[in-house]
Amino acid sequence: MFEQIVNRYLAVADRLIPGRISGFYVVGSAALGAWHADTSDIDFVAVLNGPAKQLPALHILGNLATAWRALLRRQPHIPGTMNGVFVATEDISKPVTRIRPIASHSGRKFKWDTGFDVNPVMWKVLREKGITFRGPEPAEWGLDPEPGMLRQWTLDQLNGHWRSFAEKCVSGDPPRKPLISPDRVAAARVTGPPRLHCTVTTGEVISKDAAVRYALDTFGVRVGDLKTARQAGEFMLEVISDAGRESFRGLER
């Protein structure tokens, strides 16, 4: 199913920026074998061989059919949204932390000169499991995910972004989104820390689905039983703290 959405996006791209995309790779849940048509976005990495000032238009027009379908179904979330990052051909083989993205878009947001997905975790997925829609296989680019930085980068994410989110969940003002309750916002993201905990302790990158099993096996917690934002936040804080302890034990060994 996601192949049709990707091909439609690329068809729009070829009209707006003909000949510019020399590589196009699906990563995220689809690459990890856990894509769900009713809930999942589609994450990608695109390699550009020249300027492409029409990228903001591609962000809108490339997702138009998907957004329209969600509107007709009255879905607050837009499953199948194309979220991605654009990298120059001459930069793709650099160490990932030294790459300066051309642009990125996620959900409603489009940004020049930045892209969160240019990081050691996503580059590991790209090199090992990226799904090729255009260009050579990912390994042929000579990608450098900087594996020596994987654990520390992941810990920084846990202790920065995820700790802040979890602390807000247990506060009196939990995270909110239009038409979505705080409990549902927290539930949608509760598998984030277990995923990163797995990366810290094993070096592997797992999907949200696998993180549900990991949370049960590692912490004895069924994430589906976490009904409130506070419960989800407390669990995430437990996972984050344990990841720090695991990292310390790893250094001792």
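Refer to the structure above for everything that follows.
The following refers to the structure shown. (Residues numbered from 1 in each chain as written. Predicted model: local features only at pLDDT ≥ 70, side-chain atom pairs only at ≥ 80, totals over all residues. Heavy atoms only, no water.)

Some thoughts on the pattern of salt bridges
Applicable threshold: When a carboxyl oxygen of Asp or Glu is within 4 Å of a side-chain nitrogen of Lys or Arg, the pair counts as a salt bridge. Per the convention used, a helix needs a DSSP run of H or I reaching at least four residues, while a strand needs a run of E reaching at least two, with both numbered from the N terminus. The classification of residues rests on relative accessible area computed with a 1.4 Å probe and restricted to protein chains. Under 20% of the type maximum is buried, over 50% is exposed, and intermediate values are partly exposed.
Inspection of the entire model under this criterion finds eight salt bridges. Two residues, D14 and R134, come together in a salt bridge whose shortest N-O distance is 2.8 Å. Remark: R134 occurs in strand β6 (residues 131-134) and D14 occurs in helix α1 (residues 2-16); sequence separation between them is 120 residues. Taking relative accessible area as the criterion, D14 reaches 31% and is therefore assigned partly exposed. On the accessibility criterion, R134 (24% relative accessible area) is partly exposed. A salt bridge links R100 to D113, with the nearest nitrogen and oxygen atoms 3.7 Å apart. Linking R100 in the loop between β3 (82-88) and β4 (103-106) with D113 in the loop between β5 (109-112) and α5 (120-129), this pair joins segments that are 13 residues apart in sequence. On the basis of relative accessibility, which here comes to 57%, the residue R100 falls in the exposed class.

Here we look at the sheet that holds β5
Applied cut-off: DSSP-based pairing: two strands are paired if at least 2 bridges between them are found. Each axis is a line fitted through C-alpha atoms, and for a helix only the stretch in contact is used; angles between axes span 0 to 180 degrees, taken between their N-to-C directions.
Here six strands make up an open sheet; going across it, the order is β5-β4-β3-β2-β1-β6 and the pairing mixed. If you trace the sheet from one side to the other, it starts and ends with β5 and β6, each paired once. Adjacent strand axes in the sheet meet at a mean angle of 15°, parallel and antiparallel pairs treated alike. Here seven bridges tie strand β2 (residues 42-48) to β3, and the two strands are oriented parallel to one another. Among the inter-strand pairings, F44 is bridged to a residue of β3, identified as G84.

Quick notes on the pairing of strand β1 (residues 21-26)
The buried fraction of β1 is high, at five of six residues. Pairing of β1 with β2, which is carried by five bridges, proceeds in the antiparallel orientation. Residue pairing for β2: G23 is matched across the bridge by V47. Sheet topology places β1 next to β6; three bridges connect them, and they run antiparallel. Each bridged residue has a counterpart across the sheet, and for F24 the counterpart in β6 is R134.

Here we look at the packing of aromatic side chains
Here is the rule: Within 6.5 Å between ring centres, the rings of Phe, Tyr and Trp (the latter by its six-membered ring) count as paired, and their orientation is classed by plane angle as stacked under 30 degrees, edge-to-face over 60, tilted in between. Only when the NZ atom of a Lys or the CZ atom of an Arg is both within 6 Å of the ring centre and within 35 degrees of the ring normal do we say a charge sits over the ring.
Overall, the coordinates contain ten aromatic pairs when judged by the stated rule. Centre to centre, the rings of F44 and F86 are 5.5 Å apart; their planes meet at 75°, and the pair counts as edge-to-face. Of this pair, F44 sits in strand β2 while F86 sits in strand β3, placing them 42 residues apart in sequence. Of the two residues, F44 and F86, neither departs from the other in class, the shared state being buried. A ring pair is formed by F219 and F235, whose centres lie 5.9 Å apart and whose planes are at 90°; its orientation type is edge-to-face. Taken together, the residues F219 in helix α9 (residues 208-219) and F235 in helix α10 (residues 229-252) connect sequence positions 16 residues apart. Here the two residues F219 and F235 agree in accessibility, since each one is buried. Here the basic side chain of R189 rests over the ring of F165, its NZ or CZ set 4.3 Å away from the ring centre.

Quick look at the environment of V118
Tracing the sequence through the fold places V118 in the loop between β5 and α5. Considering only alpha carbons, one finds V118 and S104, 14 residues apart in sequence, at a separation of 9.8 Å.

What about the nonpolar core?
Just so we agree on the cut-off: Working definition of a nonpolar core: buried Ala, Val, Leu, Ile, Met, Phe, Trp, Tyr and Cys residues. They are joined through side-chain atoms within 4.5 Å. Contacts are assigned to residue pairs with any non-hydrogen atoms lying within 4.5 Å of each other.
With 29 residues, the main nonpolar core has L158, W162, V190, F235 and M236 as its most contacted residues. Residue assignment for this core shows that the elements contributing at least two residues are α6 (150-169), α7 (182-189), α8 (192-202), α9 and α10. Not counting chain neighbours up to four residues away, the residues in contact with W162 comprise Q157, R189, G192, P193, L196, M236 and I240. Grouped together as the second largest cluster of nonpolar side chains are 23 residues, V6, V12, L55 and A103 included.

Description of empty space enclosed by the protein
The condition is simple: Using a 1 Å grid laid over the protein atoms alone, points where a 1.4 Å probe fits but cannot get out form a cavity; open sets with protein on both sides within 12 Å along at least 5 of 7 lines form a pocket; any residue with an atom within 4 Å of a point counts as lining. Grid points are joined across faces, edges and corners, and a volume is the space filled by probe spheres set on the points. When residues are sorted by character, Ala, Val, Leu, Ile, Met, Phe, Trp, Tyr, Cys and Pro go into the nonpolar class, Asp, Glu, Lys and Arg into the charged class, and all the rest, Gly among them, into the polar class.
Counted under the stated rule, the structure contains one cavity of 30 Å³ or more. Approximately 40 Å³ is the volume attributed to the largest cavity. Lining of the largest cavity is provided by L32, K124, V125, E128, K129, E204 and V205. Across the lining of the largest cavity, the residue classes tally to three nonpolar, no polar and four charged.

A word on the pairing of β3
Most of β3 sits out of view: seven of its seven residues are buried. Of the two faces of β3, the one holding M82, G84, F86 and A88 and the one holding N83, V85 and V87 are both buried throughout. Sheet topology places β3 next to β4; three bridges connect them, and they run antiparallel. Looking across to β4, one finds that F86 is bridged to A103.

Remember, this is a structural readout, not a statement about activity or role.
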